[in-house]
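Given next are the chains, with one letter for each unit.
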Amino acid sequence: MDITYPCGREVVEAVLPHREPFCWVSRVVACEPGVEVTAELDVDPSLPLFTGHFPGHPVLPGVIIMEALAQAASFCILVERGAEGSIGFLTGIDGAKFRRQVEPGETLTLKGRIVKSSSRLCVAEVEASVEGAVCATATQKYVLAKAEA
């Protein structure tokens, strides 16, 4: 697949199997396939999850931040392999740290650096930030599988 960066949701959905309401990458700003990726998530204030997390003080759940980071890193891996549409299953999160809350209306920058990529297991060092302020970091592990029709 020939991709020009930055690219929007249409390209993201051509690579990742995720769809609304669980596609957590709005655009990919830059990508060196198989090496590193920078993507963004526009945190929509109208997301229903904000009514319960937390009433009067809405914040994006940390598990969603981790999922967004996994989707961005998976994009980088799948493009490099020409495996668009394959599924990257999250199998581990090591050393996760949450440093700043993410609020509705903010743009979350998602960065991933692939540190291991074998036939089945992939490992990425990931970081989420808002306007340069680090929100979350972790080492994530994934296994890849072909999507079944």
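Above this note sits the structure.
To start, this report covers the structure provided alongside it. Note that this is a predicted model, so its numbers are computed, not measured.

### Re the overall build of the chain
Thought 1: Each helix and strand in the chain was counted, giving two helices and six strands.
Thought 2: Taking 2.2 N^0.38 as the reference for a compact globule, 149 residues should give roughly 15 Å; the C-alpha atoms of the chain span a radius of gyration of 15 Å, in line with that estimate.
Thought 3: When its C-alpha atoms are laid out on the principal axes, the chain stretches across 45 × 30 × 30 Å.
Thought 4: The buried share among the 149 residues of the chain stands at 41%.

### Section: unusual backbone geometry
Thought 1: Cis geometry is found at the peptide bond from Glu20 to Pro21, where omega equals 5°.
Thought 2: Inspection of the secondary structure puts Pro21 in the loop between helix H1 (9–15) and strand E1 (27–32).
Thought 3: Here the bond from His53 into Phe54 is cis, since omega is -5°, no more than 30 degrees from zero.
Thought 4: Along the chain, the position of Phe54 falls in the loop between strand E2 (36–42) and helix H2 (62–81).

### A closer look at the state of the cysteines
By definition, a disulfide is the covalent link that joins the sulfur atoms of two cysteine residues.
Thought 1: Inspection of the entire model under this criterion finds zero disulfides.
Thought 2: Between Cys31, a cysteine without a disulfide, and Cys76, which holds the nearest cysteine sulfur, the sulfur-to-sulfur distance is 4.0 Å.
Thought 3: A relative accessible area of 0% places Cys76 in the buried class.

### Focus: the sheet that holds strand E5 (residues 121–130)
What holds strands together in a sheet is hydrogen bonding between their backbones, with the strands either parallel or antiparallel.
Thought 1: Spatial strand order, E1-E2-E4-E5-E6-E3: six strands in an open sheet with antiparallel pairing. At either margin of the open sheet sits one strand with a lone partner, and together these are E1 and strand E3 (87–98). Averaged over all pairs of adjacent strands, the angle between their axes in this sheet comes to 20°, without regard to strand direction.
Thought 2: Where E3 lies against strand E6 (residues 133–145), nine bridges are found, and the strand directions are antiparallel.

### What about the packing of aromatic side chains?
Thought 1: Under the criterion given, the structure shown has two aromatic pairs.
Thought 2: Measuring from ring centre to ring centre gives 6.5 Å for Tyr5 and Phe75, while their planes differ by 75°; the resulting arrangement is edge-to-face. Residue Tyr5 is located in the segment before H1, and its partner Phe75 is located in helix H2; the two are separated by 70 residues in the primary sequence.
Thought 3: A relative accessible area of 1% means that Phe75 is categorised as buried.
Thought 4: Note on Phe22 and Trp24: the rings are 5.7 Å apart at their centroids and 80° apart in plane angle, and the pair reads as edge-to-face.
Thought 5: Note on Phe22: relative accessible area 39%, which makes it partly exposed.

Cut-offs and rules
Residues numbered from 1 in each chain as written. Predicted model: local features only at pLDDT ≥ 70, side-chain atom pairs only at ≥ 80, totals over all residues. Heavy atoms only, no water. Helix = DSSP H or I, 4+ residues; strand = E, 2+ residues; numbered from the N terminus. Rg over C-alpha atoms; globule rule 2.2 N^0.38 Å. Buried < 20%, exposed > 50% of the residue type's maximum accessible area, 1.4 Å probe, protein only. Disulfide = S-S within 2.5 Å. Pairing = 2+ DSSP bridges. Axes fitted to C-alpha atoms, helices over the stretch in contact; angles between N-to-C directions. Phe/Tyr/Trp six-rings, centres within 6.5 Å; stacked < 30°, edge-to-face > 60°.

In short, geometric facts, not functional conclusions.
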